[in-house]
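# Residue-level structural notes
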Amino acid sequence: MSPLPSPPPDPLGAGRVHSLDLISTLVAVLRGADGTVQFANAALENTLGLSRRTLEGADFASFFTDPALLQTALAGARGKDFSALRYEASLKRLHQDPVPVHVSVADAEQAGEILVELWPLEQQARQDREERLRDQAQAHKELIRNLAHEIKNPLGGIRGAAQLLEMELESRELAEYAQVIIHEADRLQSLVDRLLAPHRHPHLVSDVNIHEVCERVRALVLLEYPQGLTILRDYDTSIPEFRGDRAQIIQAMLNIVQNAAQALCERMLQGVAEITLRTRVVRQVTFGRQRYRLALELHVIDNGPGVPEAIKERIFYPLVSGRDGGSGLGLTLAQTFVQQHRGLIECDSVPGRTDFRILIPLP
């Protein structure tokens, strides 16, 4: 019996292939001698719209609008003119416009290999924005939690003193003043409780069906606004369940949908207020500087006046509200709850259309 043929060599090794496929950066490992592709990771495949098998063995410079830039960089790498070179270029895509990228060319770990990393400039800006949003959310969370604890103790003292004072006062008019103090102390206590809510309750994990969540929220909001509001469904029923805290997901979505409904009050009077709940699965998506094979994409879209320009960049900040009487906590809490599921909320708003997009990783 003739011996079985040996498997083809794996120049990168399974471990390196797996690790490069997990990152969101576009990566190609080139043969130093001629600049042909030895390996392209999943992010690069997805951006170019070509399979790894098609890319491997191809001249990587041919995928750029100006191949000479990469050819010059590769010549410099072969001549050891630099340890790493960075420049900007445009990467061609199948049936799509070229995408501007930031390119880094450097020697790879293995001799005779050159590592090329690419960051789409739009994606880079988005990742920077997401990271800034997460850092701000964390800073605000710590600030609010500490502030709420500092307010809580003296507030209890004020309320207790007002109650004792009310018991001692014989004048009905003065007793009413004491009642005002008690009422306002209770109102502030309620605000403090809401500020502390995300940090008090444990994360209760179970299977979450996003469409059950949507239907629950839809029913609650329509009970609150029975006239003039239509909530449309646009569901992808193939979306699988995921592990999460169902109560937190409901509260996050309820805060966003209620926020949309409150912005539509004038349109409700005209009978033309609409909110659309849309669910989709997105594949090979990057957010939070991490790449996910599958993610839930949930949109809450309304036809209201849009987010005021003055607060567009701050709508997820605590105590920032676009309407009179608003606490400015609804969207902050929603973002906190979604981030606890490794997700993210984004907002795109113009007059006549506001779209809150929730992304949560799926198994």
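Residues numbered from 1 in each chain as written. Predicted model: local features only at pLDDT ≥ 70, side-chain atom pairs only at ≥ 80, totals over all residues. Heavy atoms only, no water.

### Brief notes about the sheet that holds strand β1 (residues 26-31)
Read from one edge to the other, the open sheet built from five strands follows the order β2-β1-β5-β4-β3, with strand pairing classed as antiparallel. Pairing within the sheet leaves two strands with one partner each, and these edge strands are β2 (37-40) and β3 (84-93). When strand polarity is set aside, the average angle formed by the axes of neighbouring strands in this sheet is 25 degrees. Here β1 runs beside β2; their pairing, made up of three bridges, is antiparallel. Bridge assignment links Leu-30 to a residue of β2, and that residue is Val-37. Against the sheet, helix α4 (residues 67-78) contacts β1, β3, β4 (96-107) and β5 (113-120), and its axis sits at roughly 150 degrees relative to β3. (Pairing = 2+ DSSP bridges. Helix = DSSP H or I, 4+ residues; strand = E, 2+ residues; numbered from the N terminus. Axes fitted to C-alpha atoms, helices over the stretch in contact; angles between N-to-C directions. Contact = heavy atoms within 4.5 Å.)

### Observations concerning the pattern of salt bridges
In a structure, side chains of opposite charge can pair up when their charged atoms sit close to one another. Summed over all chains, the structure comprises 11 salt bridges. Asp-107 is the salt-bridge partner of Lys-80, the closest N and O atoms lying 3.1 Å from each other. Here Asp-107 lies in strand β4 and Lys-80 lies in the loop between α4 and β3, a separation of 27 residues in the sequence. Since its relative accessible area comes to 59%, Lys-80 is described here as exposed. (Salt bridge = Lys/Arg side-chain N within 4 Å of Asp/Glu carboxyl O. Buried < 20%, exposed > 50% of the residue type's maximum accessible area, 1.4 Å probe, protein only.)

### So, the side chain of His-211
Looking at where His-211 falls in the secondary structure, it is placed in helix α7 (residues 210-224). Reaching out from His-211, the side chain makes a polar contact with the backbone oxygen of Asp-236 at a distance of 3.4 Å. (Polar contact = N/O pair within 3.5 Å; in protein donor to acceptor, adjacent residues only side chain to side chain.)

### Describing the sheet that holds strand β11 (residues 344-350)
Strand order across the open sheet formed by five strands is β7-β9-β10-β12-β11, with mixed pairing between neighbours. Edge positions in the sheet fall to β7 (229-234) and β11, since each has one partner strand and no second. Going across the sheet, the axis of each strand differs from the next one's by a mean of 20 degrees, ignoring polarity. Two elements, strand β10 (residues 290-302) and strand β12 (residues 353-361), share eight bridges in a ladder whose sense is antiparallel. Counted as the bridge partner of Ile-301 is Asp-355 from β12. Its contacts with the sheet put α7 on β7, β9 (273-287) and β10, and the angle it makes with β7 is roughly 170 degrees. In the packing of helix α10 (residues 330-339) onto the sheet, the strands contacted are β11 and β12, and the crossing angle to β11 comes to about 140 degrees.

### Some details on the side chain of Arg-357
Along the chain, Arg-357 turns up in strand β12. Accessibility expressed as a relative area gives 18% for Arg-357, which makes it buried. A polar contact is formed between the side chain of Arg-357 and the side chain of Glu-297, at a distance of 2.7 Å.

### Points about the nonpolar core
Counting residues in hydrophobic clusters, the biggest one holds 43 residues, and the most contacted among them are Ile-210, Val-221, Leu-229 and Ile-275. Secondary-structure elements contributing two or more residues to this core are α7, β7, α8 (246-263), β9, β10, α10 and β12. Sequence-distant contacts of Leu-229, that is, excluding residues within four places in its chain, are made with Val-221, Leu-222, Ala-261, Leu-264, Met-268, Ala-273, Glu-274 and Ile-275. Grouped together as the second largest cluster of nonpolar side chains are 28 residues, Leu-48, Leu-55, Tyr-87 and Val-116 included. (Core = buried A, V, L, I, M, F, W, Y, C linked by side-chain atoms within 4.5 Å.)

### Quick word on the packing of α7 against α8
The geometry of α7 relative to α8 is characterised by a closest axis approach of 9 Å and an angle of 40 degrees between their N-to-C directions. In terms of orientation, α7 and α8 fall into the oblique class. As for how α7 packs across α8, the hand of that crossing is right-handed. On the side of α7, the interface is formed by Ile-210, Glu-212, Val-213, Cys-214, Arg-216, Val-217, Leu-220, Val-221 and Glu-224, while α8 contributes Arg-246, Ile-249, Ile-250, Met-253, Leu-254, Val-257, Gln-258 and Ala-261. Counted by class, the contact of α7 with α8 contains 12 nonpolar, one polar and four charged residues. (Parallel < 35°, antiparallel > 145°, perpendicular 65-115°, else oblique. Left-handed = near helix turned anticlockwise from the far one by under 90°. Nonpolar A, V, L, I, M, F, W, Y, C, P; charged D, E, K, R; others polar.)

### Examining α8
Between the first and last C-alpha of α8 there are 26 Å, a value that for 18 residues agrees with the 26 Å anticipated at 1.5 Å per step. Buried within α8 we find Gln-248, Ile-249, Ile-250, Ala-252, Met-253, Leu-254, Asn-255, Ile-256, Val-257, Ala-260 and Ala-261. Its side-chain oxygen at 3.2 Å from the backbone nitrogen of Ala-247, Asp-245 defines the N-terminal cap of α8. (Expected span 1.5 Å × (residues − 1).)

### Here we look at α7
The end-to-end C-alpha distance of α7, which contains 15 residues, comes to 21 Å, matching closely the 21 Å that a straight helix rising 1.5 Å per residue would cover. Residues of α7 that are buried: Ile-210, His-211, Val-213, Cys-214, Val-217, Arg-218 and Val-221. The buried residues of α7 occupy an angular sector of 150 degrees when projected down its axis, which confines them to one face. Buried residues belonging to α7 abut β6 (206-208), β7, β8 (242-244), α8, β9 and β10. Two to three positions downstream of the cap, the backbone nitrogen of His-211 sits 2.9 Å from a side-chain oxygen, assigning the N-cap of α7 to Asn-209. (Arc of directions from axis to C-beta.)

### Regarding the confidence of the model for the protein chain
Mean pLDDT over the protein chain stands at 81; residues scoring 70 or higher make up 81%. The weakest mean pLDDT in the protein chain belongs to helix α1 (residues 14-22) at 67; the strongest belongs to β7 at 94. Note that pLDDT drops below 50 for residues 4-10; the model gives that stretch one contact with residues more than four away or on any other chain. (pLDDT = per-residue confidence, 0-100.)

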